[in-house]
Amino acid sequence: MTVNVSPAEVARFDRLAARWWDTAGPMRVLHAMNRLRVAWIVRHLPRTGLRILDVGCGGGLAAEALARAGHDVLGVDAAAEAIAVAIAHAPPGGPAYRVGTAEDLLAEGAHFDAVTALEVIEHVPDPASFVQVLGKMLVPSTLNRTPASFAAAIVGAEFLARLLPVGTHNWRRFVTPAELAQAMRAAGLRPADMAGMAPDLMRGGWRETRSLAVNYIAMADAASQLGGRSAQAESFA
């Protein structure tokens, strides 16, 4: 099976690994939105105690939060330095981690009650194949490809506000909600819910919105597998 990984992207996130848990560092936007995205995922899960796979887990922000919510979490990432940081930061009884890819786990016959993929799909060479692999294990989300997302995610976040290192994202690789839904259906999944995410300028953090123009969260049901659902979270600029 072909591994759907970009070595350049892996190297990029390995370089950022040492500052993954620095709330004032290059991952500060993820820290700001993590409470909203994890709460959205948990709200769509049928119960606690689920076996969850977090693909592209990085240093473990979402994986740790999902474990605190009462789930059995495995985080996997091709970036070895990021996984080392995740392991070092994990509390007792927290998530398990391993270096690898979704394709590795699929080849091993692994199955999960839910699969999350955060800030990943726009970084893989073949997004549709990526969704297929996740769907077979039991899904991803991303930035919409609109003028608004270019202004907010590329010009605003990277060049003006310097919230992210310049070059973190390629706008042409952003995935629209329609494209993501089509990939989900092709993987045998049923798109079930989508919501937008936006910075909360009044209270800080992030808030859920109806607009999918920039950042959005999505989930799909996979009722034929493990009797359950597959929750999938957002992707940010």
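Before reading on, note that the structure itself is shown above.
Okay, so let's go over this structure. (Residues numbered from 1 in each chain as written. Predicted model: local features only at pLDDT ≥ 70, side-chain atom pairs only at ≥ 80, totals over all residues. Heavy atoms only, no water.)

## A word on the side chain of aspartate 200
Put simply, the rule is: Comment: elements are numbered from the N terminus, with helices defined as DSSP H or I runs of at least four residues and strands as E runs of at least two. A 1.4 Å probe rolled over the protein chains alone gives each residue an accessible area, and that area as a share of the maximum for its type sets the label: buried under 20%, exposed over 50%, partly exposed in between. Nitrogen and oxygen atoms within 3.5 Å of one another constitute a polar contact, given that in protein one can donate a hydrogen and the other can accept it, and given that sequence-neighbouring residues count only through two side-chain atoms. We call two residues in contact whenever any of their non-hydrogen atoms come within 4.5 Å of each other.
Following the sequence through the fold, aspartate 200 ends up in the loop between strand E5 (190-199) and strand E6 (206-209). We classify aspartate 200 as buried; its relative accessible area is 8%. Looking at aspartate 200, its side chain comes within polar contact range of the main-chain nitrogen of methionine 202, at 3.2 Å. Excluding residues that lie within four positions of it along the chain, aspartate 200 makes contacts with Gly205, Trp206 and Arg207.

## Comments concerning the pattern of salt bridges
Quick reminder of the rule: By convention in these notes, a salt bridge is any Lys or Arg side-chain nitrogen within 4 Å of a carboxyl oxygen on Asp or Glu.
For the structure shown, the criterion picks out 8 salt bridges. In this structure, arginine 12 and glutamate 9 form a salt bridge, with 3.3 Å as the shortest nitrogen-oxygen distance. Residue arginine 12 and its partner glutamate 9 are located together in helix H1 (residues 7-16), separated by 3 residues, close to a single helical turn. We classify arginine 12 as partly exposed; its relative accessible area is 22%. Salt-bridge contacts for aspartate 72 lead to arginine 51; the nearest nitrogen and oxygen are separated by 3.3 Å. Here aspartate 72, found in strand E2 (residues 72-77), pairs with arginine 51, found in strand E1 (residues 51-55); they are 21 residues apart in sequence, far enough to count as distant. On the accessibility criterion, arginine 51 (30% relative accessible area) is partly exposed.

## Some thoughts on the pairing of E2
To keep it simple, the criterion reads: Note on pairing: DSSP must find at least two bridges between two strands before they are called paired. Here, the term right-handed applies to a crossover whose path from the first strand over the helix to the second runs clockwise when the strands point away from the viewer.
Counting buried residues along E2, 5 of its 6 residues qualify, which places the element largely inside the surrounding structure. The sheet contact formed by E1 and E2 spans 5 bridges and is parallel. Within the sheet, the bridge partner assigned to aspartate 54 lies in E2 and is glycine 75. Note on the crossover from E1 through helix H3 (residues 61-68) to E2: the handedness is right-handed. Relative to strand E3 (residues 96-99), E2 runs parallel, the two sharing 4 bridges. For valine 76, the partnering residue across the bridge sits in E3 and is arginine 98. Viewed along the sheet, the connection from E2 through helix H4 (residues 80-89) into E3 turns out right-handed.

## Observations regarding H4
Stated precisely, the cut-off is as follows: The arc under discussion is defined with respect to the helix axis, by the directions toward the C-beta atoms.
Listed as buried for H4 are Ala82, Ile83 and Ala86. Viewed end-on, H4 has its buried residues packed into an arc of 100 degrees, placing them on one side of the element. Taken together, the buried residues of H4 touch H1, E2 and E3.

## Let's talk about the environment of alanine 62
Within the fold, alanine 62 resides in helix H3. The spacing of alanine 62 and valine 38 is 24 residues in sequence and 6.6 Å in space, taken between C-alpha atoms. Setting aside residues no more than four positions away along its own chain, alanine 62 makes contact with Asn34, Arg37, Val38, Asp54 and Leu118.

## Side note on the nonpolar core
Rules: Side-chain atoms within 4.5 Å are what join buried Ala, Val, Leu, Ile, Met, Phe, Trp, Tyr and Cys residues into a set we call a nonpolar core.
By size, the foremost hydrophobic cluster in this structure holds 28 residues, and its most contacted members are Leu53, Val55, Phe130, Leu134, Met137 and Leu180. Contributing elements (two or more residues each) for this core: E1, E2, helix H5 (102-107), strand E4 (114-117), helix H6 (127-137), helix H8 (177-186) and strand E7 (215-222). For this core, the leading source of residues is H6, giving 5 residues. Core analysis: the next-biggest nonpolar cluster, separate from the first, contains 19 residues, Ala17, Trp20, Leu36 and Ala79 among them.

## Describing unusual backbone geometry
Look at glutamate 119: it is not a glycine, yet its phi comes out positive at around 55 degrees. Positionally, glutamate 119 belongs in the loop between E4 and H6.

## Details of the sheet that holds E3
Pairing between the strands of a sheet comes from backbone hydrogen bonds, and it takes one of two forms, parallel or antiparallel. What counts, and what does not: Throughout, an axis means a line fitted to C-alpha atoms (over the contacting stretch in the case of helices), and angles, computed between N-to-C directions, take values from 0 to 180 degrees.
Pairing is parallel in the open sheet, where 4 strands are placed in the order E3-E2-E1-E4. Each edge of the sheet is formed by a strand with only one pairing partner; in this case those strands are E3 and E4. Here the strands of the sheet are splayed against their neighbours by 20 degrees on average, with no regard to which way each runs. Seen against the sheet, H6 touches E1 and E4 and runs at an angle of roughly 155 degrees to E4.

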